[in-house]
Amino acid sequence: MTLTAIKNLETDTDIEDVELLIIYEASRLMTHGGSPDEAINGILRLMSQMIGLNRGRVALKDPGAETMSIRYAYGLTTPERERGHYVIGEGVTGRVMQTGQVAVIQNIDDEPVYLTRAVERRTLPQETVAFLAVPIVHNDARLGVLGAHRLRGRKRPFSRDITLLRVLATLIAQILSLNRVIAEKTALLADENRALKQALDQQTEVTHGILGESPALRHALRQALHVSPTQATVLLAGESGTGKERFARMVHITSQRRDGPFMAINCAAIPEALLESELFGHEKGAFTGAVVRKQGIIELANHGTLFLDEIGDLALDLQSKLLHVLEKQAIKRVGGTQDIPVNVRIIAATHKNLQKAVNEGRFRIDLFYRLNVFPIHLPPLRERAGDVRHLARHFLQTANHEFDRNTVFGMGVLERLESYNWPGNIRQLENVIKRAVLVAQNREITVDDVILILQHEAHIGEHLEAGTQQKIIPPPAPVMPAASAPAMPLFDPRPNVAQRSYGWVRADEGQSLLDALRLTGGNKTRAAMTLGMTPRQFRYRLERLGLLDKLPPSGTPAV
Ligand SMILES: Nc1ncnc2c1ncn2[C@@H]1O[C@H](COP(=O)(O)OP(=O)(O)OP(=O)(O)O)[C@@H](O)[C@H]1O
């Protein structure tokens, strides 16, 4: 059956066939996966071509306004479509929208409400023209109106057209709402995408692991990014654990030297006698034990960056040799006579007040000026409002990953962490979170876990500050020097933890050992972790304090 043939067939059976065909085709359009324009315009075309419902149009409510406009039409010119604006309640279309009722205008010339706004009368056939309109409803919400002209003289009863229009309006409502859902989903995805991008950008802005949003940190970061592309020497000043080395690496990575080496040395950690050779290298036979020629770290950093941590601890004679490097861009190996050219950018760091060291004659003023070309102050954690929370979450994630746990912060933990003073700064926070992850029961770090760990941290601080004020129990001779103390593989063995003298035990430490045991149900290994000790250190302390024999067997929580 061709379309024209269908149009001309107007017996009841033919009409039914055509109606079914239109519905079938309209449903196909709906599920075809094309755009809503394609589907709705296709339905309007079917209405016109197959059943004589001409100049079909879909007027939809304008978002946020009490008006509506023709959005889809078939057989209307562009100016006709553009004229199709109605206030809700105005004209036939506006009234259908307002009341939700069907409109059957048998003769548009006799109906005063009919506006003849979009299509002028003179462009319509001279016969009697009718106008039918039905509401487009979805989930009880009126979205708009579907309307069409027809010649009144046709045999098809109006009631059948209305029924068909109602069915088609339902399909159109489906198309529109599906489209709306898709549009909303797309917008949501676009939002998510934007958020992810932003997070990614921030991550690149966090630049190589430098986390933090506080103005103080952002300021330091901006300064570092500003100086990184230059060759300038940078002096990073900040308390221990504030991220000086992190910053130094970031400056290196964001500089043109990024493909060269990044070498780091802690001037305070290496015995003075060895430091010179570590820095400058030595020639074979330069001193006893110098059996081969060795390059120093400055040479190894050639074409890259050298990070000199704790520069304030550098002995005066090495200070002058370093000055020579800065001035001449050359080094002399120990036992050597020749200057070896090097191309190194130096980033120095100090937690001491270098200016004071200069005033006290412990630091060369000329070296100070050389190093202090671009000073950056790294703020302590207590001055980085909001960052503790941020960093804590980050360290929780990394500790979970490292220890294959799935621990979360319990209620109030972040607040407790935020209220702490963090003398050991980020490194201390990192260690505390690691320990908390290890001691957490039932996958949740509780405020009690944190309090216990922090109490112990505070004890260490007191001990360090008060020194001999506390009654201490000396270790058995010989005293174990910190350097040969048992390794603490889980924790960074530097300040706040490392400065603890492992050989000495404070008499009042017993209570925190017992508290830790109580918290961990008597498990000594876990209790040791709570306190940042190795199990050996923990046992040693219990023993020294005479507590070991008094404990119930391990696994008994009644400590
Ligand atoms: N902004 C930061 N975001 C995430 N982690 C950080 C940040 N700053 C520092 N850290 C981490 O904190 C720890 C201490 O940082 P870093 O060693 O750079 O400090 P430092 O100031 O050089 O310490 P020290 O003076 O004791 O040598 C490291 O584990 C580092 O990875």
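Just so we're clear, the structure is a prediction, and the values are computed from it rather than from any experiment.

Moving on: the pattern of salt bridges. In this structure the tally under the stated criterion is 28 salt bridges. Between Arg384 and Asp387 there is a salt bridge, with its nearest N and O atoms 2.9 Å apart. For the pair shown, Arg384 and Asp387 are each scored as buried. Residues joined by salt bridges that share partners form a network here, namely Glu16, Glu19, Arg150, Arg156, Arg160 and Asp161.

Let us now look at the side chain of Asp309. Tracing the backbone shows Asp309 in strand S11 (residues 305-309). In contact with Asp309, not counting residues within four places along its chain, are Lys244, Ile265, Asn266, Cys267, Ala268 and Ala349.

With respect to the helices, strands and loops of the structure, Asp449 is situated in helix H17 (residues 447-466). Lacking a salt bridge, the buried Asp449 has Arg526 as its closest oppositely charged neighbour, with an N-O distance of 7.5 Å. Dropping the residues within four chain positions of it, Asp449 is found in contact with Val439, Ala440, Glu444 and Leu519.

To continue, consider the confidence of the model for the protein. In the predicted model, the protein carries a mean pLDDT of 83, and the fraction of residues at 70 or more is 85%. Confidence drops under a pLDDT of 50 for residues 463-504, and excluding neighbours within four residues, the segment shows 80 contacts in the predicted structure.

In this structure, Ala39 sits in helix H3 (residues 36-51). Overall, the relative accessible area of 3% leaves Ala39 in the buried class. Sequence separation between Ala39 and Ile172 is 133 residues; the distance between their C-alpha atoms is 8.3 Å. Filtering out sequence-adjacent residues up to four positions away, Ala39 remains in contact with Leu29, Met30 and Ile175.

Across a sheet, strands are paired by hydrogen bonds formed along the backbone, either parallel or antiparallel in direction. Pairing is parallel across the open sheet formed by five strands, whose spatial order is S8-S11-S14-S7-S15. Strands with a single pairing partner mark the edges of an open sheet, and in this sheet they are strand S8 (262-266) and strand S15 (374-377). Between one strand axis and the next, the sheet turns by 20° as a mean value, whatever way the strands run. Here strand S7 (residues 234-237) runs beside S15; their pairing, made up of four bridges, is parallel. Each bridged residue has a counterpart across the sheet, and for Leu236 the counterpart in S15 is Ile376.

Here the distance between the centres and the angle between the planes together describe a pair of aromatic rings. For the coordinates displayed, the defined rule picks out four aromatic pairs. With a centroid separation of 4.7 Å and an interplanar angle of 80°, the aromatic rings of Tyr420 and Trp422 are classed as edge-to-face. Trp422 carries the same exposure label as Tyr420, and that label is buried. Over the aromatic face of Phe158 sits the side chain of Arg150, whose NZ or CZ is 4.4 Å from the ring centroid.

With that out of the way, let us pick up the site of the ligand. In the vicinity of the ligand lie 18 residues, with Ser240, Lys244, Arg246, Arg427 and Glu430 positioned nearest. Interatomic distance of 2.8 Å between a side-chain N/O atom of Ser240 and an oxygen atom of the ligand. A distance of 2.9 Å is found between an oxygen atom of the ligand and a side-chain nitrogen or oxygen belonging to Arg427. Calculation on the ligand without its partners gives an accessible area of 620 Å², and the protein chains cover 93% of this total. When contributions to the shell around the ligand are tallied by element, the ones reaching two or more residues are helix H8 (244-253), helix H14 (387-403) and helix H16 (425-439). Of the residues that make up the shell around the ligand, three or more belong to each of domain 2 (215-379) and domain 3 (382-550).

Glancing now at helix H2 (residues 12-31). An ideal rise of 1.5 Å per residue puts 28 Å on 20 residues; H2 measures up with 29 Å between its terminal C-alpha atoms. Where H2 is concerned, the buried positions are Asp14, Ile15, Val18, Glu19, Ile22 and Ala26. Mapping the buried residues of H2 onto a view down its axis gives an arc of 135°, with all of them on the same face. Opposite its buried face, H2 presents the exposed residues Thr13, Leu20 and Thr31, each directed more than 90 degrees away.

Attention now goes to the sheet that holds strand S2 (residues 67-73). Reading across from one edge, S3-S2-S1-S6-S5-S4 is the order of the six strands in this open sheet, with antiparallel pairing throughout. The two strands at the open ends of the sheet, each matched to only one other strand, are strand S3 (85-87) and strand S4 (103-105). Between one strand and the next, the sheet's axes are offset by a mean angle of 25°, whatever the strand orientation. Note: S4 against strand S5 (residues 129-138), three bridges, orientation antiparallel. Each bridged residue has a counterpart across the sheet, and for Ala103 the counterpart in S5 is Ala133. In this fold H3 packs onto strand S1 (54-61), S2 and strand S6 (141-151), with an angle of close to 75° to the strand it touches most, S2. Of the strands in this sheet, S1, S2, S3, S4, S5 and S6 are in contact with helix H5 (residues 91-99), which crosses S6 at around 140°.

The rules behind these values
- Residues numbered from 1 in each chain as written.
- Predicted model: local features only at pLDDT ≥ 70, side-chain atom pairs only at ≥ 80, totals over all residues.
- Heavy atoms only, no water.
- Salt bridge = Lys/Arg side-chain N within 4 Å of Asp/Glu carboxyl O.
- Buried < 20%, exposed > 50% of the residue type's maximum accessible area, 1.4 Å probe, protein only.
- Helix = DSSP H or I, 4+ residues; strand = E, 2+ residues; numbered from the N terminus.
- Contact = heavy atoms within 4.5 Å.
- Lys, Arg positive; Asp, Glu negative; His and termini not counted.
- pLDDT = per-residue confidence, 0-100.
- Pairing = 2+ DSSP bridges.
- Axes fitted to C-alpha atoms, helices over the stretch in contact; angles between N-to-C directions.
- Phe/Tyr/Trp six-rings, centres within 6.5 Å; stacked < 30°, edge-to-face > 60°.
- Lys NZ or Arg CZ within 6 Å of the ring centre and 35° of its normal.
- Near = heavy atom within 4 Å.
- Polar contact = N/O pair within 3.5 Å; in protein donor to acceptor, adjacent residues only side chain to side chain.
- Areas by Shrake-Rupley, 256 points an atom, 1.4 Å probe, with all protein chains shown as cover.
- Domains from an automatic or database assignment.
- Expected span 1.5 Å × (residues − 1).
- Arc of directions from axis to C-beta.

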